[in-house]
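Listed below, chain by chain, are the residues.
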Amino acid sequence: MKHSITILLLFATAALYARTWVVAPGTALANIQAAVHQARPYDTVLVRAGEYREGSITIDKPLTLRGEGWPLLDGEHLHQPLGIRSHYVSVSGFRVVRCGSGSLEDMAGIKVYNARYVYVFNNILDDNYFGIYLSNSKYCWVTGNRLTAHGEIEQTSGNGIHAWKCDSVTIAHNRVQGHRDGIYFEFVTNSRINHNYSTGNVRYGLHFMFSHNDSYEHNTFVRNGAGVAVMYTRNVTMRHNTFADNIGGAAYGMLLKDIQGSRISDNVFVRNTAAIFMEGCTRS
């Protein structure tokens, strides 16, 4: 909570001195990347409705990037629409579609690199390989986004919300559908996953690997390949979640493998092939 207050106060204080740059098709400033280059730290780049095919847009300074009328960032299945490489960035109000995919880098609709205090909220993402990707980042919020993909097999689809080597992130009030895993944590600590709806994903609605001192609460996992897998992890709180209609030969509502010191309570399981499967679950 204290970190949420910190970032809100920082943006509010910076706004007193910041300039707003307006990007709109057919105007003198019709390019988002050009506006980012011109902006000073803590300015706002306001993007009007329209379609923007600019390759890979990079945010490399503290900025508020805000869409008005759901402007479209289109990766054309070739590029990563938006990359964030700075602390103190806020992104909201965009439709982000058709990011590319590659063997050398995990490309995403919105990807955050080595950053602190990044807030990605109220965006619509469709047909991206990875949806929102946090890499080696801390104190980030991913909230109120809608992510849809059309994955059919694991090998050709990425995860909806993916966090790797992160700390103190919050994933809340998102709707994720049609990815490999709806939400994926690997080497993520002290983080929270709350009030998300994850459905129709190829493998898991939520997948934990080597991620300690986290919690997921008040989420719904429906009609995924399997509901949730928590593996090689300790000190995870799993409460007030709903696991429903995860049906198949290898489908579970909740799969727990080699976890320690965790709390699992007050969850609801409905029409799963197996509600809970535990292997090597100790001191929980």
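The coordinates are above.
The structure displayed is predicted, hence computed values, not measured ones.

A. The overall build of the protein chain, seen in detail. Helix and strand counts for the protein chain stand at 2 helices and 31 strands. Relative to the compact-globule value of 19 Å for 284 residues, the protein chain shows a C-alpha radius of gyration of 19 Å, a close match. Along the longest, intermediate and shortest principal axes, the C-alpha atoms of the protein chain span 60 × 40 × 30 Å. Evaluated residue by residue, the protein chain yields a buried proportion of 53% over its 284 residues. Counting only contacts in the protein chain whose residues sit at least 6 apart along the sequence, the fraction spanning at least 24 positions is 47%. When the accessible surface of the protein chain is split by element, carbon and sulfur atoms take 50% of a total near 12200 Å². Where the 26 positive side-chain charges of the protein chain centre and where its 22 negative ones centre are 6 Å apart.

B. Main features of the sheet that holds strand S19 (residues 181–189). The 10 strands lie next to each other as S4-S7-S10-S13-S16-S19-S22-S25-S28-S31, forming an open sheet whose pairing is parallel. The two strands at the open ends of the sheet, each matched to only one other strand, are strand S4 (57–59) and strand S31 (274–282). Each neighbouring strand pair of the sheet contributes to a mean axis angle of 10°, computed without reference to strand direction. As judged from the 5 bridges shared by strand S10 (residues 108–113) and strand S13 (residues 130–135), these two strands associate in the parallel manner. Counterpart to Val-112 in the pairing with S13 is Leu-134.

C. How the structure looks around the sheet that holds strand S8 (residues 89–92). Spatially, the 11 strands line up as an open sheet ordered S1-S2-S5-S8-S11-S14-S17-S20-S23-S26-S29, and their pairing is parallel. Sheet topology places strand S1 (20–23) and strand S29 (263–265) at the edges, where each strand pairs with a single neighbour. This sheet shows a mean twist of 5° between the axes of neighbouring strands, independent of strand direction. Bridging between strand S11 (residues 118–121) and strand S14 (residues 141–143) involves 3 bridges; their strand directions are parallel. Within S14, the position partnered with Val-120 by the bridge is Val-142.

D. Just a nonpolar patch on the surface, in detail. The grouping of Trp-164, Phe-187, Phe-210 and Tyr-232 at the surface amounts to a nonpolar patch, some 350 Å² of accessible area in total. Within the secondary structure layout, Trp-164 lies in strand S16 (residues 161–167).

E. A look at the side chain of Ser-135. With respect to the secondary-structure elements, Ser-135 resides in strand S13. Note on Ser-135: relative accessible area 11%, which makes it buried.

Definitions and cut-offs
Residues numbered from 1 in each chain as written. Predicted model: local features only at pLDDT ≥ 70, side-chain atom pairs only at ≥ 80, totals over all residues. Heavy atoms only, no water. Helix = DSSP H or I, 4+ residues; strand = E, 2+ residues; numbered from the N terminus. Rg over C-alpha atoms; globule rule 2.2 N^0.38 Å. Buried < 20%, exposed > 50% of the residue type's maximum accessible area, 1.4 Å probe, protein only. Contact = heavy atoms within 4.5 Å. Areas by Shrake-Rupley, 256 points an atom, 1.4 Å probe, with all protein chains shown as cover. Lys, Arg positive; Asp, Glu negative; His and termini not counted. Charge placed at Lys NZ, Arg CZ, Asp CG, Glu CD. Pairing = 2+ DSSP bridges. Axes fitted to C-alpha atoms, helices over the stretch in contact; angles between N-to-C directions. Patch = residues over 30% accessible without salt bridge, like charges linked within 9 Å, V, L, I, M, F, W, Y side chains within 5 Å. Salt bridge = Lys/Arg side-chain N within 4 Å of Asp/Glu carboxyl O.

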